[in-house]
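# Fold and geometry: a report
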Amino acid sequence: ASLADPKRIVPALSYGVKGISYSHFAQEGAMVRAPIANGFIKQLIHQVDWAPLDCLLIDFPPGTGDIQLTLMQEGGLSGGVIVTTPQEVALLDVVKAMGMFEQMNIPIVGVVENMSYFQGDSEQRHYPFGQGGGRRLSERFGIPLLGEIPIDPRVSQCGDEGLSLFQESPSSALVFTAIAQLVRAQLEALAHLEGLKNFETIRVQQIIQKDQTRFTIEWTDGKLLDYCLAELQRLCPCARCRDEKTGKVLIDPTSIPDDVEAVRIVNVGRYALQITFASGCSKGLYTYRFLRELKN
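The structure reproduced in this document is the subject of the present report. (Residues numbered from 1 in each chain as written. Predicted model: local features only at pLDDT ≥ 70, side-chain atom pairs only at ≥ 80, totals over all residues. Heavy atoms only, no water.)

Here helix α1 (residues 34-46) contains 13 residues, and its C-alpha end-to-end distance of 18 Å stays within 8% of the 18 Å for a straight helix at 1.5 Å per residue. Taken together, the buried positions of α1 are Ala37, Asn38, Phe40, Ile41, Leu44 and Ile45. Burial along α1 is one-sided: seen end-on, the buried residues are contained in an arc of 165°. Every exposed residue of α1 that faces more than 90 degrees away from the buried side is listed here: Pro35 and Ile36. Packing partners of the buried residues in α1 comprise α2 (66-75). (Helix = DSSP H or I, 4+ residues; strand = E, 2+ residues; numbered from the N terminus. Expected span 1.5 Å × (residues − 1). Buried < 20%, exposed > 50% of the residue type's maximum accessible area, 1.4 Å probe, protein only. Arc of directions from axis to C-beta. Contact = heavy atoms within 4.5 Å.)

Our next topic: the pattern of salt bridges. With the rule as written, the count across this model stands at nine salt bridges. Across the pair Asp211 and Arg214 runs a salt bridge, and its minimum N-O distance is 3.0 Å. By relative accessible area, which is 28% here, Asp211 ends up partly exposed. With a shortest N-O distance of 3.3 Å, Glu293 and Arg289 are connected by a salt bridge. Here Glu293 and its partner Arg289 are both found in helix α9 (residues 288-294), four residues apart, which amounts to about one turn of the helix. Owing to a relative accessible area of 36%, Arg289 belongs among the partly exposed residues under this scheme. (Salt bridge = Lys/Arg side-chain N within 4 Å of Asp/Glu carboxyl O.)

So, about the nonpolar core. Grouped together as the largest cluster of nonpolar side chains are 23 residues, with contacts concentrated most on Phe215 and Trp219. Elements that contribute at least two residues to this core include exactly β9 (214-219), β10 (224-228), α8 (229-234), β12 (272-277) and α9. Setting aside chain neighbours within four positions, we find Phe215 in contact with Ile207, Ile208, Gln209, Lys210, Leu225, Asp226, Tyr227, Leu229, Leu232, Ile265, Leu273 and Ile275. (Core = buried A, V, L, I, M, F, W, Y, C linked by side-chain atoms within 4.5 Å.)

All right, on to the sheet that holds β10 then. With respect to topology, three strands assemble into an open sheet ordered β8-β9-β10, the strand pairing being antiparallel. What marks the edges here is a single partner per strand, and that holds for β8 (204-209) and β10. Geometrically, the sheet is characterised by an average inter-axis angle of 25° between neighbouring strands, direction not taken into account. As defined by bridge partners, β9 adjoins β10 across five bridges and the pair is classed as antiparallel. Its bridge partner lying in β10, Glu218 is registered against Leu224. (Pairing = 2+ DSSP bridges. Axes fitted to C-alpha atoms, helices over the stretch in contact; angles between N-to-C directions.)

To continue, consider α2. Three or more residues of α2 are buried, namely Gln68, Thr70, Leu71 and Met72. Looking at the packing, one finds that the buried side of α2 touches α1 and α3 (88-103). Positive phi shows up at Gly76, right after α2, with a value of about 55°.

Honestly, it's all geometry; don't read function into it.
Written as structure tokens, this is what we have:
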């Protein structure tokens with residue numbers, strides 16, 4: 001814990017890079033259910049004494065489940081880097097992950113192909129897992145191919161021994177330096193696009209409470225739009241209020257009073273607001289797209 005604030009967690013530090021992991025705290029072989037894991041993820045994002053940082057990299061576990069959703073909602077991500085291996089089976093899972101990023105309104109920075117090839121003493125490259133999977137993904141979805149990382153025993157050796165690849169084998173580290181430079185350039189380009197007020201990148205700038213039953217959203221494109229809390233609760237998308245498969249409304253809209261109030265309104269990631277109504281409903285996520293289209 002931090003001496004300045006016992007509630008803050010001090011991250012590990014190695015070669016000037018801060019880092020933290022669940023493995024730092026968990027007992028070997030320990031298993032936890034998703035609600036506990038989600039709480040732990042929130043701690044790692046919000047209670048770690050990260051500052052100052054140039055950037056924060058979050059290594060996502062594979063899949064599209066509850067843990068990934070929590071990371072996206074809590075992390076406020078600027079972009080996602082898709083990492084794949086060349087096999088077609090791997091690409092199928094990656095495409096699902098890309099769809100999840102799109103739904104959460106997180107831009108995809110580019111794709112990195114890992115374990116692309118092996119190069120022995122000769123200059124000839126060998127492709128044990130197939131060839132060109134990352135490039136095909138890049139061309140299919142129109143996203144940059146950031147790099148192809150070869151199979152290099154020195155990478156795993158340095159990782160296992162806690163050594164810096166950049167010091168132990170600078171030639172092996174060149175591909176990672178090149179990828180990092182491209183990621184930074186892509187993030188700068190995405191920031192420029194947001195400045196152009198592209199609809200897909202429009203987000204909530206601030207929430208202004210007009211009175212107990214209404215609020216105004218100031219959007220990043222300068223628009224000010226008014227919302228009525230009663231109207232929003234009648235449209236609540238949570239599983240208790242609306243059938244997730246059919247979209248059928250499960251509550252009687254007339255049972256929602258016109259003077260319903262909100263306990264709190266918070267941003268969820270880059271894509272939605274979560275409203276906790278005084279009536280008790282608190283699970284509905286109102287996407288930015290839904291809120292904008294509601295006023296069109």
